[in-house]
Amino acid sequence: MTSSGEKKLQLYSYHRSSCSFRVRIALNLKGFDYEYKPVNLLKGEQKTPEFLKVNPIGYVPALVDGDLVIADSFAIIMYLEEKYPQHPLLPRDLAKKAINYQAANIVSASIQPLQNLDVLKYIEEKVGPEAKMPWAQKHIGKGFAALEKLLQNHAGKYATGDDLFLADLFLAPQIHGAIIRFNLDMTPYPLLGRLHEAYMQVPAIKDALPENQPDYPST
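In this report, the structure presented in the accompanying data block is examined. (Residues numbered from 1 in each chain as written. Predicted model: local features only at pLDDT ≥ 70, side-chain atom pairs only at ≥ 80, totals over all residues. Heavy atoms only, no water.)

Our focus in this paragraph is the side chain of Gln115. Along the chain, Gln115 turns up in the loop between α4 (94–111) and α5 (117–126). One polar contact links Gln115 to Gln174, side chain to side chain, over a distance of 3.0 Å. Setting aside its immediate chain neighbours within four residues, Gln115 contacts Leu120, Ala136, Ile140, Gln174, Arg181 and Phe182. (Helix = DSSP H or I, 4+ residues; strand = E, 2+ residues; numbered from the N terminus. Polar contact = N/O pair within 3.5 Å; in protein donor to acceptor, adjacent residues only side chain to side chain. Contact = heavy atoms within 4.5 Å.)

Written out as structure tokens, the structure is:
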């Protein structure tokens, strides 16, 4: 599917970026055949004049829909939700919707910013490379503990029931990165561990995994 039968949506993305991962899941769930525009964060391509014209703050993801450019994963997902209603990403129930917003915000505001590339580089420069992993694990663990409590009375097969919603789009990449990139022990977080297993069976999530992106290193 393409947007409005016109040009494909374009997604500026980096394979390992959890923020880009969220949007890739949303696009897959909504059935979009989009154009992948790789931005290599390790090479600093997000700081080039060309990319800064797309997103002046120099972060991925950014979405191009016709003449409109949207940056920030939350803004992109909410835009997609309102413009393209197929496969709703928010429940109709107001209370359940609020839980989805809360879970997504714990990930996007209280976990991911504290373990992103710029922060970890700063920790490495100011403290030392050995401090990066404990720092990331501490802040991910704090957020995961909160998510375990938040979702314990709401989870079904997925975070807030038996359908994939906004919370899952944020949780799936964060849990995957915690396990694969930051070697986090998931034993204290059994609910999130169970959700991770469920997510890895969903085609829209599996297709959005870092290793399935065109910019994933071949060696």
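Burial of strand β3 (residues 62–65) is two-sided: the residues Ala62 and Val64 facing one way and the residues Leu63 and Asp65 facing the other way are all buried. As defined by bridge partners, strand β1 (residues 10–13) adjoins β3 across three bridges and the pair is classed as antiparallel. What sits directly across from Gln10, in β3, is Val64. Adjacent in sequence and paired antiparallel, β3 and strand β4 (residues 68–71) are bridged by two residues, among which Gly66 carries a positive phi angle near 65°. (Buried < 20%, exposed > 50% of the residue type's maximum accessible area, 1.4 Å probe, protein only. Pairing = 2+ DSSP bridges.)

Moving on, we come to the pattern of salt bridges. This structure, assessed with the given rule, holds five salt bridges. Where Lys30 meets Glu81, a salt bridge forms, and the shortest distance between an N and an O atom there is 3.0 Å. Of this pair, Lys30 sits in the loop between α1 (18–29) and β2 (35–38) while Glu81 sits in helix α3 (residues 73–83), and the two are 51 residues apart along the sequence. Each member of the pair, Lys30 as well as Glu81, carries the same accessibility label: buried. Here Lys132 and Glu124 are joined by a salt bridge, their closest N and O atoms 3.5 Å apart. Since its relative accessible area comes to 34%, Glu124 is described here as partly exposed. (Salt bridge = Lys/Arg side-chain N within 4 Å of Asp/Glu carboxyl O.)

Attention shifts here to the environment of Asp93. Relative to the elements of secondary structure, Asp93 occurs in the loop between α3 and α4. In terms of polar contacts, Asp93 uses its side chain to reach the backbone amide nitrogen of Ala95, at 3.2 Å. Polar contacts involving the side chain of Asp93 include one to the main-chain amide nitrogen of Lys96, which spans 2.8 Å.

Following the sequence through the fold, Glu148 ends up in helix α6 (residues 132–151). Those residues in contact with Glu148, other than ones at most four positions away along the chain, are Tyr189, Pro190, Leu191 and Leu192.

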